[in-house]
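Results of the structural survey
What follows is each chain in one-letter form.
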Amino acid sequence: MKHQAYNPFLPLWEYIPDGEPHVFGDRLYLFGSHDVEGGERYCAAGNYVGWSAPLDDLSDWRYEGVLYTAAQDPRSDGALGDLYAPDVVRGNDGRYYLYYGLSGGIGVDDHNTAIGVAVCDTPAGKYEYYGFVRNPDGSPYLRYLPADPAVINDGGVIRLYHGWGLSMVAAGAHSGEQGRQQAAQMPDFAAMGKDQIRQFLLGVEQMLFHRSKEQLLAEPEDVMGANHVTLADDMLTVTSEPARILPSQFLAFGTSFEGHGFYEASSIRKIGDTYYFIYSEENSNMLCYATSQYPDRDFVYRGILQSNGDVGLDGRRGEDRLNMTGNNHGSLECVSGQWFIFYHRQTHNSTYSRQACAEPVTIAPDGSIAQVEMTSCGLNGGPLRAEGDYSAAIACNLTNGHMPHITNRVGGFDIPYITHEGAGKDALRFITNMKEGTLAAFKYFAFAGPVRLTVTTRGAAGRLAVTVGDAPCGEIALPGGPDWRQSSLTLDHTGAAALRLTYHGEGPADLLSIAFAPAEQEAVQ
């Protein structure tokens, strides 16, 4: 590898959430939405950009430029021009088709805008508007909810998956205490029949989706859930009735999906003869998966793949999350025999500046995949070297012990978070607002004996308790002040281990970087 590969694996100035990784030829491509640094809404860049890496070096990511802009879609009126969670598939004609969600359009809204399609001769070239997913009569395909498209070329059959389902956890986080109280007052859906649940949801759905009661009841099932259709060779025309493959949380009771109903973030893979449907479930921060021997039915819940707060890992509860959590979206891809789960994390005390990360996973002989933890070294093929300089922004866990789950908002929480200062690629990116008890963890480093750890901080004159693995290694006294200053401590450890820094102090401090140097070098004070 030319470099080491960190999480996030793209440059720290880049924000690509909702990642769909695909191997085309000899490169791995990442397609996703495009947030802005310190943004105030989702996908505010208004475009898709491309990134790719050679299959034999996942540290060497190349910027491919702007692939497509919202302005290219004639349904965009300029004011409503954000592009949501895309996917790309190679058609039977050898061209590449980009399926995407447009944030609104002329006279319509997000839940009533047909999935857009753009086309290009190469995976990361300049895509051109091609059309929208449509019914055989040419009208926009708007069955159920046309959100978060996922697409696969299944031996020449083009399969499109889409849908959305209200998450009460996300709704509560969006509305604050009022939303949480409303969520707590919801009826006992487990004791209700499907028809009763559907009747109850009609009022909510009319408000959320801007559809009449008659329009909602025209569908054979409740509109919320994950769905499958096939497309014609033109890559636009739907050729099958939509089939419900996963229920939303309201209709998951009594099924294998109970507690993990479908929320959003459809993605599809075929591994051997088994279809893997990857999705974000009702708790919003987790990527889960379901499998079936069929593309359009009989999916069974299998488990959690990843949480951007490590919720669920080793039984961890939501209130013990190791990061501020928010929505999650990603998928699986195999690179040179190794499978990875791609996902995104939250930064800036916000849900609007999300960054792509990845972790290796193992598919067991029975097809199951165990949940993996967040690390700082996901694509590196092993731990990072305990040498040289590292941005504090690669911390994989950042918690004060009571981190929130947030939705559709910026700020409002007194928590530690990753932020930036300055503008452009050369801006500083760092951890801010570390207060008493804040933990920043970096997993993992390969230690090879004594080494001097230097931290660059500013703010209060507190101290950092340092732990390597499970072993306390001492404390670093922080000099304090408004300027960035360095201080250090000698560590002595051999082998791969997590580095954990716990802040203690009367006021907040910021952490810019950590650095490792030979232990014989003079200590920095």
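To be clear, the structure that these remarks concern was listed above.
Read on for an overview of the structure. (Residues numbered from 1 in each chain as written. Predicted model: local features only at pLDDT ≥ 70, side-chain atom pairs only at ≥ 80, totals over all residues. Heavy atoms only, no water.)

**Points about the pairing of strand β14 (residues 274-281)**
- With eight of eight residues buried, β14 is to be regarded as a mostly interior element.
- Along β14, one buried face is formed by Thr274, Tyr276, Ile278 and Ser280 and the opposite face, lined by Tyr275, Phe277, Tyr279 and Glu281, is buried too.
- The hairpin turn running from strand β13 (residues 262-271) into β14, its antiparallel successor, is two residues long, and Gly272 in that turn takes a positive phi close to 65°.
- The hairpin formed by β14 and strand β15 (residues 286-292) contains four residues between the paired strands, and Ser284 there has a positive phi angle of roughly 80°. (Buried < 20%, exposed > 50% of the residue type's maximum accessible area, 1.4 Å probe, protein only. Helix = DSSP H or I, 4+ residues; strand = E, 2+ residues; numbered from the N terminus. Pairing = 2+ DSSP bridges.)

**Topic: unusual backbone geometry**
- Backbone torsion omega between Asn7 and Pro8 reads 0°, so that peptide bond is classified as cis.
- Considering the arrangement of structural elements, one finds Pro8 in the segment before β1 (20-24).
- Across the junction of Lys443 and Tyr444, the peptide omega takes the value 0°, indicating a cis bond.
- Among the secondary structure elements, Tyr444 is positioned in strand β25 (residues 439-459).
- For Ala265, which is not glycine, the phi dihedral falls at a positive 70°.
- Checked against the element boundaries, Ala265 lands in strand β13.
- For Ala265, a relative accessible area of 0% corresponds to the buried category.

**A short note on the nonpolar core**
- Within the largest apolar cluster, 35 residues are counted, with the highest numbers of intra-cluster contacts made by Phe442, Phe445, Leu453, Leu499, Leu501, Ile514 and Phe516.
- For this core, the secondary structure elements donating two or more residues are β24 (428-434), β25, β26 (463-468), β28 (481-504) and β29 (509-518).
- Counting residues per element, this core draws most heavily on β25, at seven residues.
- Ignoring sequence-local partners within four residues, the contact set of Phe445 consists of Pro383, Leu384, Arg385, Ala386, Tyr390, Gly495, Ala496, Ala497, Leu499, Ile514 and Phe516.
- Ala150, Ala226, Ile268 and Cys288 belong to the second largest nonpolar core, which has 20 residues in total. (Core = buried A, V, L, I, M, F, W, Y, C linked by side-chain atoms within 4.5 Å. Contact = heavy atoms within 4.5 Å.)

**Side note on the pairing of strand β27 (residues 471-477)**
- Sheet topology note: the β26/β27 ladder contains six bridges and is antiparallel. The residue of β27 that forms the bridge with Leu464 is Ile476.
- Hairpin connection, β26 to β27: the antiparallel pair is bridged by two residues, and Gly469 has positive phi, about 65°.

**Let's talk about the state of the cysteines**
- Enumeration over the complete set of coordinates arrives at zero disulfides.
- Looking at Cys288, it has no disulfide partner, and the nearest cysteine sulfur is the one in Cys357, 18 Å off.
- The class for Cys288 is buried, based on a relative accessible area of 0%. (Disulfide = S-S within 2.5 Å.)

**Section: the sheet that holds β1**
- Pairing is antiparallel across the open sheet formed by four strands, whose spatial order is β1-β2-β3-β4. Looking along the sheet, the strands with just one partner apiece sit at the ends: β1 and β4 (62-69). The average angle at which neighbouring strand axes cross in this sheet is 25°, direction not considered.
- Across five bridges, the pairing between β1 and strand β2 (residues 27-31) is antiparallel. (Axes fitted to C-alpha atoms, helices over the stretch in contact; angles between N-to-C directions.)

**Topic: the packing of aromatic side chains**
- This model, assessed by the stated rule, comprises 32 aromatic pairs.
- With 5.5 Å between their ring centres and 65° between their planes, Tyr97 and Tyr130 make a pair best called edge-to-face. Here the residue Tyr97 occupies a position in strand β6 (residues 96-102), and Tyr130 occupies one in strand β8 (residues 128-132), the gap between them amounting to 33 residues.
- On the accessibility criterion, Tyr97 (1% relative accessible area) is buried.
- The class for Tyr130 is partly exposed, based on a relative accessible area of 29%.
- Measuring from ring centre to ring centre gives 5.1 Å for Tyr390 and Phe445, while their planes differ by 70°; the resulting arrangement is edge-to-face. Note that Tyr390 is positioned in strand β21 (residues 388-391) and Phe445 in strand β25, a separation of 55 residues in sequence. You'll find Tyr390 and Phe445 in the same group, each marked buried.
- Aromatic ring contacts, followed pair by pair, group Tyr161, Phe257, Phe262, Phe277, Tyr279, Phe299 and Tyr301 into a single cluster. (Phe/Tyr/Trp six-rings, centres within 6.5 Å; stacked < 30°, edge-to-face > 60°.)

**A closer look at the pattern of salt bridges**
- A full pass over the atoms with the stated rule returns 24 salt bridges.
- Here Asp414 ties to Lys435 by a salt bridge, and the two come within 3.0 Å at their closest N and O atoms. With Asp414 in the loop between β22 (397-399) and β23 (417-421) and Lys435 in the loop between β24 and β25, the pair connects residues that are 21 residues apart, well separated along the chain.
- Connected through salt bridges with shared partners, the residues Asp18, Asp35 and Arg354 form a single ionic network. (Salt bridge = Lys/Arg side-chain N within 4 Å of Asp/Glu carboxyl O.)

Shape descriptors only; they carry no functional weight alone.
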